[in-house]
Each structure stands twice: as structure tokens, then as C-alpha cells.
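Structural characterization, general
Here are the chains, one letter per residue:
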Amino acid sequence: MLRDGDLDRVAELMRECAAAELLPRFRNLAKHDIREKTPGDFVTVADEMSEQRLASGLAKILRGVPVVGEEAVAAEPGLVAHIDSAEAAWIVDPLDGTANFARGNDRFAMIVALVRQGETIAGWILEPARDRLAVAIHGGGARLDGEPKRLPATLPLKQSVGFVGAKFKREFLRRTRPAVVDGFRRLTTFGCAGMEYIDILAGRSHFSFYRWTKPWDHAAGALMIQEAGGVADRHDGQPYSPAQPLNAGILTAPDRARWQELRTLLTEAAAPLLERGRGVPG
């Protein structure tokens, strides 16, 4: 499906979109450029214009392949069905970390994934503020800034840094036993899943634990973890899929043994919150 050069064409398109639609608006938004889609869920003119430009460019790379963009789905929820039902589909997050972007925080990213019959076959994450680019292709490995990446050897838990979903983290830390939280070097969030996946790929952080799995946040990153030798599975142990129920969650780790260890610690510690949070993004 992807022809020679298409991986680079998508990367070039993302950089063009970031240069035209995101970076000129960063720390330059007017109040009327920001609004809430739902309480606490922000969108800006930068999200909307970036998605339009991405969708137009991706349609030229693979003609006839539908684009499932975060903002398009907000306006027309039925579009998300293309992920599972179409022969192939693009999944696009034109501005991951919108709340950070709107506050002038440079932790934001752009994410694109290509799925075939519900399975992610390629993913791209661009960190525009630092021009960092991660790319993965199913069966072809993961690269960060052009360099092949393998996740480093598993560290003791006490030396491990992990991410917890941004809207979930505060309640998780407040309600989880201190012995669980103190068993790690740090549990944190960037408020931007794309940057968190890049941080794990770079070896600076070591796992992630999300309650809510919107496909545009996780399809590309989960593939990157897998292609770098790690594990990215649902909380119930089934393989992650971009077409899975949003509340199935995702837990990533550098290897299967650590994944099982983290699953026991984190899902048991968070069980009441996970159950209470069914249907609540975070």
C-alpha cells in the first residue's frame, strides 16, 4: 500500500503543516481562537487548520483512503467507524496537547497513523517545537530522527519513570497507596501522549498507563513501542487495536515480564478508578 518514498512524503507533509499552521500560532492565539468542545476539552484554530491541511495532503498520497481526524470526528462521530470498516484509513491528531499549546507550553505534537483493516501499519509523531520525528512501520522497526531504536533493558521499578494519562493522573496519585507510587522513580504526565511515546522511544522514560484510548492519541505510538521491542496491550491483556473500545485502556512496557508486573501493580491499584471512569475520558 505504501510506495517507496511515502514514509518521507508523510513526514514532509507534517513538517509543512506544522510550519504553516501550528508554529506561527504558538503563543500567538487570540481568545476567540480557543474554545471548548466539551468541558475541559479544548480546540483551537490551529487544530482545525492543521487538520484540514493534513487531510488534503494525505488524500494526495493515498487517493480514496478516508481520513479520520480528531476534529472531523468531533463534528461527525460516525467517521470513526472507518478505522475498523474501511480497507485502509488515515488517523490524524493535528495537534496533540492542545491545552498545552493554548497555554504557551511547547509540549505538543502532531500524530498520523495508517491502518489497514483495523491494524496499524505505519505511524508518525512529530514534535514541532524541537523538530523531532518518530516513524514506525509494521514489521520494519521504529526510528527516531532517522536512527533505529530499540527500547533499553528493563530497569528496576525504583529507577523507572512512567506516564499516567493526563486527566487520570491526579486522581490516581491521590487515591493510590503511597507504597505503590513510591515504588517508582516518578509517575508523571506531559499532557501530550505523542511526546510521551517519543520520550519512551528515546529511553528517557520506561512505560505508560492510560485509561482512555482515543485512536488518534495512541495508534502510532503503540506501534512504535511494539516495533522497538516493547509491549503495548490493553489492560485485559489483549493486543491494543486502534478500533478497540475507548475504555479498554493501554499499558506499555519494555518487555512482557515488566508488562505483567506493571499490570498487577497499576490495574489493581487503580481498579476502583478504572471502573468508575468507564465512559469518562482520561
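What counts and what doesn't
- Residues numbered from 1 in each chain as written.
- Predicted model: local features only at pLDDT ≥ 70, side-chain atom pairs only at ≥ 80, totals over all residues.
- Heavy atoms only, no water.
- Phe/Tyr/Trp six-rings, centres within 6.5 Å; stacked < 30°, edge-to-face > 60°.
- Helix = DSSP H or I, 4+ residues; strand = E, 2+ residues; numbered from the N terminus.
- Buried < 20%, exposed > 50% of the residue type's maximum accessible area, 1.4 Å probe, protein only.
- Lys NZ or Arg CZ within 6 Å of the ring centre and 35° of its normal.
- Expected span 1.5 Å × (residues − 1).
- Polar contact = N/O pair within 3.5 Å; in protein donor to acceptor, adjacent residues only side chain to side chain.
- Salt bridge = Lys/Arg side-chain N within 4 Å of Asp/Glu carboxyl O.
- Disulfide = S-S within 2.5 Å.
- Pairing = 2+ DSSP bridges.
- Axes fitted to C-alpha atoms, helices over the stretch in contact; angles between N-to-C directions.
- Arc of directions from axis to C-beta.
- Contact = heavy atoms within 4.5 Å.

So, about the packing of aromatic side chains. Enumeration over the complete set of coordinates arrives at 10 aromatic pairs. Arranged with centres 5.5 Å apart and planes meeting at 50°, the rings of Phe168 and Phe172 form a pair that is tilted. Placement of the pair is Phe168 and Phe172 together in helix α6 (residues 166–175), with a separation of four residues, close to one helical turn. Under the relative-accessibility criterion, Phe172 is labelled buried at 0%. An aromatic cluster of three or more residues is present, and its members are Phe26, Phe101 and Phe108. A cation over a ring is seen here: Arg256 above Trp259, with NZ or CZ 5.4 Å from the ring centre.

Given 3.6 residues per helical turn, the α-helix brings residues three or four places apart onto the same face. The terminal C-alpha atoms of helix α2 (residues 45–61) lie 25 Å apart, and with 17 residues this matches the ideal 24 Å at 1.5 Å per residue to within 8%. At the N-terminal end of α2, a side-chain oxygen is found 3.1 Å from the backbone nitrogen of Ala46, two or three residues along, and the residue is Thr44.

This part is about the pattern of salt bridges. When the charged atoms of two side chains lie near each other, side chains of opposite charge can form a pair. Evaluated as defined, the whole model comprises 15 salt bridges. In this structure, Arg3 engages Asp6 in a salt bridge whose closest nitrogen and oxygen atoms are separated by 3.9 Å. Its relative accessible area of 47% is what places Arg3 among the partly exposed residues. The partner of Arg258 in a salt bridge is Glu261, with the nearest N and O atoms 2.9 Å apart. Of this pair, Arg258 and Glu261 are both found in helix α10 (residues 256–269), three residues apart, which corresponds to roughly one turn of the helix. Assessed through its relative accessible area of 9%, Arg258 is described here as buried. What makes Glu261 partly exposed here is its relative accessible area of 35%. One salt-bridge network, held together by shared partners, links Arg3, Asp6 and Arg9.

Within this structure, the stated rule accounts for zero disulfides. Free cysteine: Cys192, not disulfide-bonded; nearest cysteine sulfur from Cys17 at 17 Å.

Below, the discussion takes up the environment of Ala75. Inspection of the secondary structure puts Ala75 in helix α3 (residues 70–75). In the structure, Ala75 is positioned 166 residues away from Ser241 in sequence and 23 Å away in space, judged by C-alpha atoms.

A few words now on the sheet that holds strand β4 (residues 88–96). The strand order β3-β4-β5-β6-β7-β8-β9 describes an open sheet built from seven strands, whose pairing is mixed. Of all the strands in the sheet, the pair left with one neighbour each is β3 (67–69) and β9 (147–149). With strand direction ignored, the average angle separating the axes of adjacent strands in the sheet is 20°. Here seven bridges tie β4 to strand β5 (residues 109–116), and the two strands are oriented antiparallel to one another.

On to the pairing of strand β7 (residues 132–137), then. Most of β7 sits out of view: five of its six residues are buried. The pairing of strand β6 (residues 119–127) with β7 spans six bridges and is antiparallel. Bridging across to β7, Ile125 finds its partner in Ala134. The turn joining β6 and β7, which pair antiparallel and follow one another in sequence, is formed by four residues; a positive phi near 50° is taken by Asp131. Looking at chain direction, β7 and strand β8 (residues 141–144) are connected through four bridges and run antiparallel. Looking at the pairing, Val135 lines up with Arg143 of β8. Counting the residues between successive antiparallel strands, the hairpin from β7 to β8 contains three residues, one of them, Gly139, with a positive phi of roughly 80°.

Attention now moves to the pairing of strand β2 (residues 41–44). Summarising the sheet, strand β1 (residues 34–38) and β2 pair through four bridges and their orientation is antiparallel. Looking across to β2, one finds that Ile34 is bridged to Thr44.

A separate point is helix α1 (residues 6–22). Look at α1: 23 Å from first C-alpha to last across 17 residues, which is about the 24 Å you get at 1.5 Å a residue. All of the buried residues in α1 are Asp6, Val10, Ala11, Leu13, Met14, Cys17, Ala18, Glu21 and Leu22. Each buried residue of α1 lies within a common arc of 160° when the element is viewed along its axis, so the set occupies one face. Residues of α1 that are buried in the fold lie against α2, β4, α5 (98–103), β5, β6 and β7.

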